[in-house]
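# Observations on the model geometry
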Amino acid sequence: MTNRKKKVVIVGGGLAGLALAMKFCERNGEATVVSYQSLKRSHSVCAQGGINAAIDAKNEGDTPEKHFYDTIKGGDFLAHQPLVRDMCHQAPTIINLMDRMGVAFNRTGEGHLDFRRFGGTLFNRTAFAGATTGQQLVYALDEQVRRHVHDGSAKTLEWHEYLGAVLDAEGICRGAVIHDLRTDEIYTLKADAVVLATGGPGQVYGRSTNSVVNTGAAATTAYMQGAKFANGEFIQIHPTAIPGQDKLRLMSESARGEGGRVWVPRDGNDNRNPREIPENERYYFLEEKYPLFKNLVPRDVASREIYDIVYNQNLGVSGDPMVYLDLTHKSREFLDNRLGGILDIYTKFTGADPRETPMKIFPAVHYSMGGLWTDYGPDSNGMIDHASPKNQMTSIRGLYAAGEADYQYHGANRLGANSLLSCIYTGLMMARGVMNYMDSLEKSADDISSTVFDDARSHWKSRFNDIKNMNGSENPHKLHHELGDIMLANVLIVRDNKSLEKASHEIEEIETRFKNVKCLDTTDWVNPSPSFINQLYCMIHLSKIITKGALMRDEFRGSHYKPDFDLSQPKDFDPHEYIEYLEQKQYGDVTEGKFPPGHLDYMKRFEENNEKWLKTTVAQYKNNQPQITYEEVNTSLVTPRPRKYD
Amino acid sequence: MTEKTTTIKIKRQDKPGSPSYWQTFEVPDKPFANIISCLMDIQKTPTTEDGKTVNPVTWDCNCLEEVCGSCTMLINGQVRQACTALVDNLKKPIVLEPMSKFPVLRDLQVDRERMFDNLKKVKAWIEIDGSHDIGAGPIMPDQDRAKRYVMSECMTCGCCLEACPQFTQDNSFLGAATFNQVRLFNLHPSGEMKKEDRLDAIMGEGGITDCGNAQVCVEVCPKNIPLTESIADISRQTTWQMIKNLLIK
Amino acid sequence: MVKPSKDEIHYLLLKLHSLTGIVPIGAFLVIHICVNSLRTVGVWPYQLSIDAINSIPFLLVVEITFIYIPLLFHSVMGFYVASIAKTNTHRYRYPRNALYTLQRLSGAVVFVFLVYHLGTTVGPKLWEGKHHFEAAPFLIDIMNGEFKTWQGILIYAIGIVSATFHFSNGLWGFCVSWGILIGKSAQRNGAIVFAMIGLALTVLGLATVAEFNMNPLPAEATVVR
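About the cut-offs
Residues numbered from 1 in each chain as written. Chains lettered and ligands numbered in written order. Predicted model: local features only at pLDDT ≥ 70, side-chain atom pairs only at ≥ 80, totals over all residues. Heavy atoms only, no water. Helix = DSSP H or I, 4+ residues; strand = E, 2+ residues; numbered from the N terminus. Rg over C-alpha atoms; globule rule 2.2 N^0.38 Å. Buried < 20%, exposed > 50% of the residue type's maximum accessible area, 1.4 Å probe, protein only. Contact = heavy atoms within 4.5 Å. Areas by Shrake-Rupley, 256 points an atom, 1.4 Å probe, with all protein chains shown as cover. Lys, Arg positive; Asp, Glu negative; His and termini not counted. Charge placed at Lys NZ, Arg CZ, Asp CG, Glu CD. Buried area = accessible area lost by both parts, 1.4 Å probe. Salt bridge = Lys/Arg side-chain N within 4 Å of Asp/Glu carboxyl O. Polar contact = N/O pair within 3.5 Å; in protein donor to acceptor, adjacent residues only side chain to side chain. Pairing = 2+ DSSP bridges. Axes fitted to C-alpha atoms, helices over the stretch in contact; angles between N-to-C directions. Domains from an automatic or database assignment. Patch = residues over 30% accessible without salt bridge, like charges linked within 9 Å, V, L, I, M, F, W, Y side chains within 5 Å. Parallel < 35°, antiparallel > 145°, perpendicular 65-115°, else oblique. Left-handed = near helix turned anticlockwise from the far one by under 90°. Core = buried A, V, L, I, M, F, W, Y, C linked by side-chain atoms within 4.5 Å.

Quick look at the overall build of chain A now. A tally of regular secondary structure across chain A gives 16 helices and 21 strands. On C-alpha atoms alone, chain A measures out to a radius of gyration of 24 Å, which is about the 26 Å that the 2.2 N^0.38 rule sets for 646 residues. Seen through its C-alpha atoms, chain A measures out along the principal axes to roughly 70 × 60 × 55 Å. Counting only residues that meet the buried cut, chain A has 67% of its 646 residues in that class. Considering only intrachain contacts with a sequence separation of at least 6, the fraction spanning at least 24 residues in chain A is 73%. Element-wise, carbon and sulfur atoms account for 46% of the exposed surface of chain A, whose accessible area totals about 21,500 Å². The distance from the centre of the 75 positive side-chain charges to the centre of the 85 negative ones in chain A is 2 Å.

With that settled, consider the interface of chain B and chain A. Counting residues at the interface gives 72 residues for chain B, matched by 70 residues for chain A. For the pair chain B and chain A, the two sides together bury roughly 6,100 Å², of which 51% comes from carbon and sulfur. For the interface between chain B and chain A, the tally reads five salt bridges. Close ionic contact of Asp-111 of chain B with Arg-182 of chain A constitutes a salt bridge, the shortest N to O distance being 3.8 Å. At the boundary of chain B and chain A, one finds 41 residue pairs in polar contact (both at pLDDT 80 or more). Those elements that place two or more of their residues in the side of chain B that touches chain A are α1 (35-44), β6 (104-106), α2 (113-121) and α3 (142-152) of chain B.

Here we come to the interface of chain C and chain B. On the chain B side, the residues contacting the 32 residues of chain C number 35 residues. Note on chain C versus chain B: buried area summed over both sides is about 2,900 Å², and carbon and sulfur give 55% of it. Considering only the side of chain C, the residues that lose the most area to chain B are Tyr-11, Tyr-92 and Ile-182 of chain C, jointly responsible for 23% of the buried surface there. For the pair chain C and chain B, the number of links is one salt bridge. A salt bridge links Glu-205 of chain B to Lys-6 of chain C; the nearest nitrogen and oxygen atoms lie 3.4 Å apart. Counting across the interface, chain C meets chain B through 17 residue pairs in polar contact (both at pLDDT 80 or more). Only α1 (6-36), α4 (95-120), α7 (150-177) and α8 (184-214) of chain C provide two or more residues apiece to the side of chain C that touches chain B. Residue contributions to the side of chain C that touches chain B peak at eight residues, all from α1 of chain C.

Residue and element names in this part refer to chain B. Ordered in space as β2-β1-β5-β3-β4, the five strands form an open sheet in which the pairing is mixed. Because the sheet does not close on itself, it has two edges, and the strands there are β2 (20-28) and β4 (78-81). Sheet twist, expressed as the average angle between the axes of neighbouring strands with direction ignored, equals 30°. Summarising the sheet, strand β1 (residues 5-13) and strand β5 (residues 94-97) pair through three bridges and their orientation is parallel. Its bridge partner lying in β5, Lys-9 is registered against Val-95. The strands touched by α1 are β1, β2, β3 (72-75) and β5; relative to β2, the strand with the most contacts, the crossing angle is about 95°.

As a further point, take the domain arrangement of chain A. Residues and elements named next belong to chain A. Domain annotation of chain A identifies domain 1 (7-234 + 369-452), domain 2 (238-366), domain 3 (470-552) and domain 4 (567-632). Tallying the contact residues gives nine residues for domain 3 and nine residues for domain 4. Of the roughly 700 Å² buried where domain 3 meets domain 4, counting both sides, 55% is carbon and sulfur surface. If you look at where domain 3 meets domain 4, you find zero salt bridges. Applying the counting rule to domain 3 against domain 4 returns five residue pairs in polar contact (both at pLDDT 80 or more). The greatest single-element share of the side of domain 3 that touches domain 4, amounting to seven residues, is contributed by helix α14 (residues 528-552).

This next bit is on a nonpolar patch on the surface. All names here are of chain C. Together, Ile-53, Ile-56, Phe-58, Val-61, Val-62 and Phe-66 give the surface a local cluster of nonpolar side chains, amounting to about 570 Å² of exposed area. For the nonpolar patch, the element with the most residues is helix α3 (residues 59-83), which contributes three residues. Tracing the backbone through its elements, the reader meets Val-62 in helix α3.

Quick look at the packing of helix α2 (residues 43-54) of chain C against helix α6 (residues 135-146) of chain C now. Residue and element names in this part refer to chain C. At their nearest, the axes of α2 and α6 sit 9 Å apart, and the two run at 120° to each other. Here α2 is positioned oblique relative to α6, judged by the angle of their axes. As for the relative orientation of α2 and α6, their crossing is right-handed in sense. Residues Tyr-46, Gln-47, Ile-50, Asp-51 and Asn-54 of α2 form the contact with α6, whose own contacting residues are Ala-135, Ala-136 and Ile-140.

Residues and elements named next belong to chain A. With respect to the helices, strands and loops of the structure, Ala-91 is situated in helix α3 (residues 81-100). The class for Ala-91 is buried, based on a relative accessible area of 0%. With 89 residues separating them along the chain, Ala-91 and Asp-180 place their C-alpha atoms 36 Å apart. For Ala-91, the contacting residues outside a window of four places in its chain are Asn-52, Ala-53, His-67 and Leu-421.

On to the nonpolar core. Residue and element names in this part refer to chain A. In terms of nonpolar packing, the biggest core is built from 137 residues, with Met-98 and Ile-424 touching the most fellow members. A total of 13 residues in this core trace back to one element, the largest contributor, which is helix α10 (residues 419-440). The contacts of Met-98, once residues within four sequence positions are left out, are Val-103, Phe-105, Leu-137, Ala-140, Leu-141 and Ile-424.

Our focus in this paragraph is the sheet that holds strand β8 (residues 173-180) of chain A. All names here are of chain A. The strand order across the open sheet built from three strands is β7-β8-β9, with neighbouring strands paired in antiparallel fashion. Among the strands making up the open sheet, the edge pair consists of β7 (160-167) and β9 (186-190). Neighbour-to-neighbour, the strand axes of the sheet open up by a mean angle of 30°, direction not taken into account.

Laid out in structure tokens, this is it:
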């Protein structure tokens, strides 16, 4: 079917979806972008701080290889290395491309791209457009896609919801079932490949830094249709967010990248105005504990430290779960130029001006490292073969995933400013493979019997009819709130098996109560109620994946912190010792005396733990429950070793 | 225990073209509450003040941090985003209405497709040769970048158009948001190559000359985009274009 | 020559509307008010100026070309512009928005005033065939009559204030629409300068009215040269 116009359905109008649509149209394909709302409004716009690329604009000796290492180490070695390496090597090209598209990246005195520092690295590697980099990148890609729509090669279906994949008798994806959110019509789109670029699942937690549309429903539906879901338990908690009723708004890592300092009063009962507290009575806990990376330790580390300060040391500001993030030592002009947007957001939502008074912040659910399991085609140089049809393909043939909806790039913890990169990278990188996959098909979607599509359509029609007939006593929004509370209370920063088991039971109860939900609105015009109930159902199943994965993984890795299984790294441990240890082991002469006391034991524990747990968690839908198995991680390029940031 | 509540009056409409009606809800007071959290509370208890259970109010929203542009509506008669409208700062009872310059879809939801269509009309993009690796973009002074950045923060929310006395549902006025895009792209070294096309697109009915300089747009813009400066700048560009068309071509 | 498209015509017409408000109409307004204000200095300069104007060869042709046609065009376009406005000053109470509404309102007032003004001055002058040196006494006589009553004073006061406002605010609008004043502070500074010009014209105009009222000039006095 080489001669036919290649048609792809892309679900999601964020960075990954738009990047793919653009690339696909450029290669003479026809892309249909399905979006829950108008393009330009996707959650990618919320990304603030920037996008990483080792261009080494500051002559610090930065290279893509160092970017690769930082990313792998930041993710606690759980990411597949060839993918991450390829992404880091593509990053400079991606930044240049976005620059050519007109993104207003901040510039140096000579007019070149400017870079700032972000967490988990010692290099100035993050390109940024003020404090709304995500928004600027989305707009640039959106403009290109709009141009293709104008030219007729791209189509958009805004205000449409993806319900599920159309699978033929062989289990190959042949299209998508689409729900028009205005007219309430349910119909199918034929396509030789369907790509889910549907973002993360923050809404499972009720309140997070995520947007309202980030329910994870599309990915969960794919999981329930047989796709594997990987590393669900790895949920990034962003250390700095603004507490709120409806949402925990992000305070970008760039606030710390530009010099923001995190502190609490040394005395927990000190209720003075923060600016009146003298320097020696402030506890800059991140700077004291991590003299090398200071306030820019990776997010998992910072979140745990803040949690520890508030709940274990009772040093939260005025006894509340909050710490100060202080920028008041910087000039107003500097702050306006580099961080204006996010500081205004803080002012708008709290009434206080961060230029005058330290911000009060607390960690919040931010990003899912996990997502749909996807494949990749490595080449012989430790990188990716961009022509491989396997790239980004889920375990369902013809169904792809990209962006936050996949799982491959961030391991157990994502570094700041790598998400925008991974989204654009996956979208651009996979285009060739998707086209090659289409070429390889013997039959196109057009050759498939119409009953396959009719069946899929009637399945979802009756599903929605059933939902509309739900007339119990439970309010779905209240139930969602309760689900979020369960997740926030038990499956957050610090995890223990008792709470996780409790959460599992409570989720089961929610699932039982779900059957008694009432569909609040049964009209057939712009009615979000049935869709929400369907999404809630998906969120319940997603919360099970997260919770069960967390319960089963008895270790401490990246964002998944179980104190009971902390290997207690000796304070004076140096990660290089571990490499030495491995070498000695290879030659069969490990000598106890060569390492400081306790270090060898620790390294043995570490090695043993890695053998057991340095694995991808894979959840599959069986009998209404996630069935968990583990898969090897590709660590062919860098030897996994203990992380250390001080 | 009697909870403290806030009264919210909402103008509702079931379908495009169907008559609108008002309903009043009592929403419990909470710290840091905004209009979105109130609407979420109404979803959880969709009961009016006189105890009638009704369909929950529908509205658009997404990011809830004033960067996506979805949740624009009239709050106490003024157009703004619902997410940044903190209940504590609003006059009570609070009155919510859908935007009046766009067709209502349902309740507080309107169809802003016209704004997105306008982006196509003025070619609000840079015509790159392709997304393959062809090196760095043009060098640009940071002050030019800063100028563009402020303009490029436009989130197509529609505030400027709702508040514009020249913009109505039945005329074709492009409005401040679109003119701002023309300036944004004409300011870019590569975007400038299509400058004349963009200017031609706004030199007609509904174009730049239909601006009446009421300058409400710039007052209501949540992103503080210098819209009136953009309009004047674009006016200058079209003036030169006119002179060129008349005298040189 | 390529036939201009509908859009091009639209653009040119509105651009011309803005331009005609300044040249020749605005310029004429300034001259008219300044010349008439000579009345406050003395009788002779005033009369001489009227004589001078009425001595222009082919005066009617000049007036029609440079005043009445532009004025008619500006008025017709003005009513079109006002008709597409959906004023909302009551809802969005910003100074510039109020000026926007006032500009449209004052335009209509000036139009009505001009119909009256021309109908009571130029109209009878042409009807009675008063040319050259006969014009001044004829017109002065009419004006003396107008400014004897408070109604006449009120009509002219409203007319003058509306016209000077419409002109000075329109001058600002012209500078913005033609891209002369762009930046925020440039626009503000321009507004201040034009407001002062408008105020000066208003003072001159009203002073002239006051002079007529307090110190009427006998028409017969002007016949003798």
